[in-house]
Amino acid sequence: MKALVALELNRLSVEEVDLASPRAGEVRVRMKAAGVCHSDLSVANGTVPMPLPMVLGHEGAGVVTEVGPGVTNVKVGDHVVLSFVPNCGECWFCAHKEPHLCVHCDAAGRMWDGTSRLQLRGQELGAMSQLGCLAQFAVVPAANVIAIDRSIPFASAALVGCAVMTGVGAVANTAGVEPASTVAIFGCGGVGLAAIQGARLVGAKQIIAIDLADNKLEYARRFGATDCVNASEDPVAAVKALTGGLGVDHSFEMTGRPAVMEQAYAAARRGGSVCIVGVGRYTEAMQLNALLLAGEAKRILGCFYGNSNFRVDMPNLLALYQAKRLDLEGLITRTYGIEEAPRAFADLEAGRNARGLILFD
Ligand SMILES: [Zn+2]
Ligand SMILES: [Zn+2]
């Protein structure tokens, strides 16, 4: 089958790879749609260090074509969305209602038994987040999939796997944004635009979108931003000016850049929350003022996968989509075939798309 492989740092290639059958507790999914996410790029360029070579992709939807022994949650023919974190139901975190931190999540790409189902010319490959779904097929743990309504288009469903779950979850779960509150979103890619929709859904009265790219700010307005700030001007001063000098109740950092994290911190009001969603470089750090940290009483919240329980939150998000309260199609700027995947990454890096999506036959 064809798969997008990060062969080594900054070297992406569509390769013909071998995929073994699912073992116990695993399923094979014929991919129909898979998103191109900034986290894939971060693995490809070393921002997030991972053992390479690796098949990229962690946001996708498809059809189950084979199940291994012991799989009971899905069957052949089911339409499914992949979650890049499993919900094993048994580890400490799953048992304590924090399944987004399930210990079986292995971003380095081996299955639960430590082996891989993927090979390239005899060499074992990792699968990003145990999914590796930028490929025609993926063998994944059954604990990472959920069956969905067959009427939902795969392209829309795929986005719920990462961007939408993360963005809406950051707003609704991690920060717990209340009705009539004020919100600032730093970074309006797929996750940021989903967060803007989440803020609109929970009834925020003011949603300030911040980005360097005017095309992204246009998307932001379409999805519910009440104010747009080009970050080339001082975004903290702009947010303060838009909130009567106070700062926002909740700020969200979606870029992974320490300087932007510090801006998001500064843009929150005293006692407000600062939610860090963007994934930064391992070697970088955000600076906090040792005096103001206590004195301003802001809450800094790390956010992984929107603090979501995908078994509950994915069906809820898809129900909102079916009720036309959540726009998923609108997030898709452009689609590509798998052969065009490297082009999709170039477009992502250039900031051309809200979301680029690979579609499979
Ligand atoms: Zn992602
Ligand atoms: Zn678990």
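Residues numbered from 1 in each chain as written. Chains lettered and ligands numbered in written order. Predicted model: local features only at pLDDT ≥ 70, side-chain atom pairs only at ≥ 80, totals over all residues. Heavy atoms only, no water.

A.B. asks: What should I look at first to understand the overall build of the protein in this one?
C.D. replies: Helix and strand counts for the protein stand at ten helices and 19 strands. Against the compact-globule benchmark of 21 Å for 361 residues, the protein has a radius of gyration of 20 Å, which places it among compact chains. Looking at the protein as a whole, 57% of its 361 residues qualify as buried. Counted over contacts in the protein with a minimum sequence separation of 6, partners at least 24 positions apart contribute 69%. A total of about 14,500 Å² of accessible surface is found on the protein, and carbon and sulfur atoms cover 52% of it. The positive charge centre, built from 31 side chains, and the negative charge centre, built from 35, are 3 Å apart in the protein. (Helix = DSSP H or I, 4+ residues; strand = E, 2+ residues; numbered from the N terminus. Rg over C-alpha atoms; globule rule 2.2 N^0.38 Å. Buried < 20%, exposed > 50% of the residue type's maximum accessible area, 1.4 Å probe, protein only. Contact = heavy atoms within 4.5 Å. Areas by Shrake-Rupley, 256 points an atom, 1.4 Å probe, with all protein chains shown as cover. Lys, Arg positive; Asp, Glu negative; His and termini not counted. Charge placed at Lys NZ, Arg CZ, Asp CG, Glu CD.)

A.B. asks: Sorry if this is basic, but what is going on with a nonpolar patch on the surface here?
C.D. replies: A surface patch of nonpolar side chains, about 210 Å² in accessible area, is lined by Leu288, Leu293 and Ile300. With respect to the secondary-structure elements, Leu293 resides in helix H8 (residues 292-295). (Patch = residues over 30% accessible without salt bridge, like charges linked within 9 Å, V, L, I, M, F, W, Y side chains within 5 Å. Salt bridge = Lys/Arg side-chain N within 4 Å of Asp/Glu carboxyl O.)

A.B. asks: Before we go on, may I ask you to explain the domain arrangement of the protein in this structure?
C.D. replies: One frequently used descriptor of interface size is the decrease in accessible area upon assembly of the parts. The domains assigned to the protein are domain 1 (2-162 + 307-359) and domain 2 (176-302). Using C-alpha coordinates to define each centre, domain 1 is positioned 28 Å away from domain 2. Each partner contributes residues to the interface: domain 1 has 17 residues there, and domain 2 has 17 residues. Summing both partners gives a buried area of about 1,300 Å² for domain 1 against domain 2, and 54% of it is carried by carbon and sulfur. It is Thr47, Leu331 and Ala354 that lose the most area in domain 1 upon contact with domain 2, and together they represent 33% of the buried surface on that side. Residues belonging to the side of domain 1 that touches domain 2 are distributed by class as follows: six nonpolar, seven polar and four charged. (Domains from an automatic or database assignment. Buried area = accessible area lost by both parts, 1.4 Å probe. Nonpolar A, V, L, I, M, F, W, Y, C, P; charged D, E, K, R; others polar.)

A.B. asks: What's the story with unusual backbone geometry in this structure? I'm lost.
C.D. replies: Excluding glycine, residues mostly carry a negative phi; peptide bonds, for their part, are mostly trans. For the peptide bond that leads from Leu52 to Pro53, omega is 5 degrees, which places it in the cis range. Residue Gln130 is not a glycine yet carries a positive backbone phi of 65 degrees. Gln130 sits in the buried class, given a relative accessible area of 1%. Unusually for a residue other than glycine, Tyr305 sits at a positive phi of about 55 degrees. Mapped onto the secondary structure, Tyr305 falls in the loop between strand S17 (299-302) and helix H9 (310-322).

A.B. asks: In this structure, what is going on with the packing of helix H3 (residues 154-174) against helix H4 (residues 190-201)? I would like to understand it.
C.D. replies: In helix packing, the relevant descriptors are the interaxial angle and the interaxial distance, both defined with respect to the helix axes. Running from amino to carboxyl end, H3 crosses H4 at an angle of 45 degrees, the nearest separation of the two axes being 7 Å. In terms of orientation, H3 and H4 fall into the oblique class. With respect to the hand of their crossing, H3 and H4 are arranged in right-handed fashion. Judged by residue contacts, Ala163, Val164, Thr166, Gly167, Val168 and Val171 of H3 engage Gly190, Val191, Ala194, Ala195, Gly198 and Ala199 from H4. Split by residue class, the contact of H3 with H4 holds eight nonpolar, four polar and no charged. (Axes fitted to C-alpha atoms, helices over the stretch in contact; angles between N-to-C directions. Parallel < 35°, antiparallel > 145°, perpendicular 65-115°, else oblique. Left-handed = near helix turned anticlockwise from the far one by under 90°.)

A.B. asks: What exactly am I supposed to notice about the coordination of the zinc ion (ligand 2) here?
C.D. replies: Tetrahedral coordination by four donors sets the ideal angle at the metal to 109.5 degrees; octahedral coordination by six donors sets it to 90 or 180 degrees. Every protein donor of the zinc ion (ligand 2) is accounted for by Cys88 (SG), Cys91 (SG), Cys94 (SG) and Cys102 (SG), and the metal-donor separations fall at 2.3 to 2.4 Å. Every donor residue of the zinc ion (ligand 2) comes from the same chain, spaced as C-x2-C-x2-C-x7-C. Its relative accessible area of 9% is what places Cys91 among the buried residues. (Donors = N, O, S within 2.8 Å, 3.2 Å for Na, K, Ca; no water.)

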